[in-house]
Amino acid sequence: EQYQVAIVGATGAVGQKIAEKLVERNFPYSHIKLLASSRSAGQTAKVGGHTYTIEEAKPEAFDGVDFAFFSAGGDVSRKLAKEAAARGAVVIDNTSAFRMDPDTPLVVPEVNPQALHEHNGIIANPNCSTIQMVCVLEPLRQKAGLKKVIVSTYQAVSGSGAAAIDELTKESHALGLSEPSPQVLPVKSQPKHYPIAGNLLPQIDVFEENGFTFEEMKMMNETKKIMSLPDLSIAATCVRVPVVTGHSESVYLETEQELSLQEIRDVLTAAEGVVLQDDPTAQVYPMPLYATDEDPVFVGRIRKDPVEKTGIHLWIVADNLLKGAALNSIQIAEKMIAQKEVSS
Ligand code: A2P
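Residues numbered from 1 in each chain as written. Predicted model: local features only at pLDDT ≥ 70, side-chain atom pairs only at ≥ 80, totals over all residues. Heavy atoms only, no water.

(A) Local environment of the side chain of N328. With respect to the secondary-structure elements, N328 resides in helix 8 (residues 322–338). At a separation of 2.8 Å, a polar atom in the side chain of N328 contacts the side chain of K323. Sequence-distant contacts of N328, defined by excluding residues within four places in its chain, comprise V107, V108, P109, E110, N125, P126, I131, L322 and K323. (Helix = DSSP H or I, 4+ residues; strand = E, 2+ residues; numbered from the N terminus. Polar contact = N/O pair within 3.5 Å; in protein donor to acceptor, adjacent residues only side chain to side chain. Contact = heavy atoms within 4.5 Å.)

Set out below in structure tokens:
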């Protein structure tokens, strides 16, 4: 069977990866529509050796589309996702617009594929930092239960889009030469901007009333929803680091039952989509530079807490544009096809 596919935000950091991955994975598409803002309409882009003309994303563009991958920001999704779904497309939305909507499944195929059984035309792709973390938490939860999670993230600038990558590149070249004049990070729409080269930004997205940022709240709320653990004790601190691609996370978790180090390693070795990179004697551990362009979630630096018997420390790294975004979105579509949840 062949499917008509649309990519909304096709010129963006994630949209381009979606196009690449559809080709690389031999996704059964008959045609791809590249959609973006009116600024890009009329330009061309090559996908799988075929040249497509970029069109403006508007409701009529979704006529006949089976899968619509949205990655053009929450406002575009809020405006167009329902229009696309009403025209019969299955929308797989990379933004936060529908993630916490109780009628919208929030899916990581390795963790909660069953959530795809009930949807209203829109499936939400979780936040990039959440996806890589739950891929590791879920197999441990299945083995020993899960009581508590404390996570600190080290997030790459590509999570903030193509403009943020440019900003890091320009600032890096200018390091020590002149005063940078940042305009994008940490949050484009807010009044203050700080350099990211040679710096860390302990703010990703806007602050909420409770002092956590929206990014931190996304990790906390989305993890509870994906894992169906509404009462999980979880807290996050999210930090932007001067890395182009690859989010890293230092995670402390407590299971219900105690696991030995060997049991933890066995569970994670067997976990779908997860690759163990943990050999301190040989200096083997995950790093964002080496996770870039790779599909798996890498985990290493596994330690038992020195005091708390059920406490585990680990380090998780994944390509935020792939498993954190484009790849997970396509895996959702592939899972729906495999589970016969969509017809062409
Ligand atoms: P465009 O290039 O035409 O502005 P990134 O996350 O890398 O910043 O990319 C954002 C993506 O969202 C781009 O493809 C961008 O297209 C697209 N986009 C931004 N605003 C709109 C809009 N109003 N309608 C459709 N696509 C949009």
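(B) Just a nonpolar patch on the surface, in detail. Taken together, Y285, M287, L289 and Y290 make up a surface patch of nonpolar side chains, about 440 Å² in accessible area. Mapping M287 onto the fold places it in the loop between strand 12 (274–276) and helix 7 (288–291). On the basis of relative accessibility, which here comes to 32%, the residue M287 falls in the partly exposed class. (Patch = residues over 30% accessible without salt bridge, like charges linked within 9 Å, V, L, I, M, F, W, Y side chains within 5 Å. Areas by Shrake-Rupley, 256 points an atom, 1.4 Å probe, with all protein chains shown as cover. Salt bridge = Lys/Arg side-chain N within 4 Å of Asp/Glu carboxyl O. Buried < 20%, exposed > 50% of the residue type's maximum accessible area, 1.4 Å probe, protein only.)

(C) Representation of the site of the ligand. Taken together, 15 residues are adjacent to the ligand, and T11, A13, S37, R39 and S40 come closest. Within the contact set of the ligand, an oxygen atom lies 3.2 Å away from a backbone nitrogen or oxygen of G9. In the model, an oxygen atom of the ligand is placed 2.8 Å from a nitrogen or oxygen of the R39 side chain. Of the residues assigned to the shell around the ligand, the class counts are seven nonpolar, seven polar and one charged. (Near = heavy atom within 4 Å. Nonpolar A, V, L, I, M, F, W, Y, C, P; charged D, E, K, R; others polar.)

(D) Region of interest: the domain arrangement of the protein chain. In terms of domains, the protein chain is made up of domain 1 (3–126 + 325–338) and domain 2 (130–320). If you average the C-alpha positions of domain 1 and of domain 2, the two centres end up 24 Å apart. In this complex, domain 1 contributes 20 residues to the contact, which on the side of domain 2 involves 19 residues. Carbon and sulfur atoms supply 61% of the area that domain 1 and domain 2 bury against each other, a total of about 1600 Å² over both sides. Considering only the surface of domain 1 that becomes buried against domain 2, M100, E110 and V111 emerge as the three largest contributors, covering 32% of it. Our count for the domain 1 to domain 2 interface comes out at four salt bridges. (Domains from an automatic or database assignment. Buried area = accessible area lost by both parts, 1.4 Å probe.)

(E) Representation of helix 2 (residues 74–86) within the structure. The terminal C-alpha atoms of helix 2 lie 18 Å apart, and with 13 residues this matches the ideal 18 Å at 1.5 Å per residue to within 8%. A maximum bend of about 40 degrees is found in helix 2 at L80. Every buried residue belonging to helix 2 is among G74, S77, L80, A81, A84 and A85, and all of these are buried. Of the surrounding elements, those touching the buried residues of helix 2 are strand 6 (67–70), strand 7 (90–93) and strand 8 (122–124). Two residues or fewer past helix 2, G88 is found with a positive phi of approximately 95 degrees. (Expected span 1.5 Å × (residues − 1). Bend = angle between axes of the 7 residues up to and from the residue.)

(F) Expanded view of the sheet that holds strand 8. What the six strands build is an open sheet, ordered 5-2-1-6-7-8; its pairing is parallel. Edge positions in the sheet fall to strand 5 (55–56) and strand 8, since each has one partner strand and no second. As judged from the six bridges shared by strand 1 (residues 3–8) and strand 2 (residues 29–36), these two strands associate in the parallel manner. Note that in strand 2 the partner of A6 across the bridge is K33. Strands strand 1, strand 2 and strand 6 of the sheet are contacted by helix 1 (residues 13–24), whose axis makes an angle of about 155 degrees with strand 1. Here helix 2 sits on the sheet in contact with strand 1, strand 6, strand 7 and strand 8, set at roughly 175 degrees to strand 6. (Pairing = 2+ DSSP bridges. Axes fitted to C-alpha atoms, helices over the stretch in contact; angles between N-to-C directions.)

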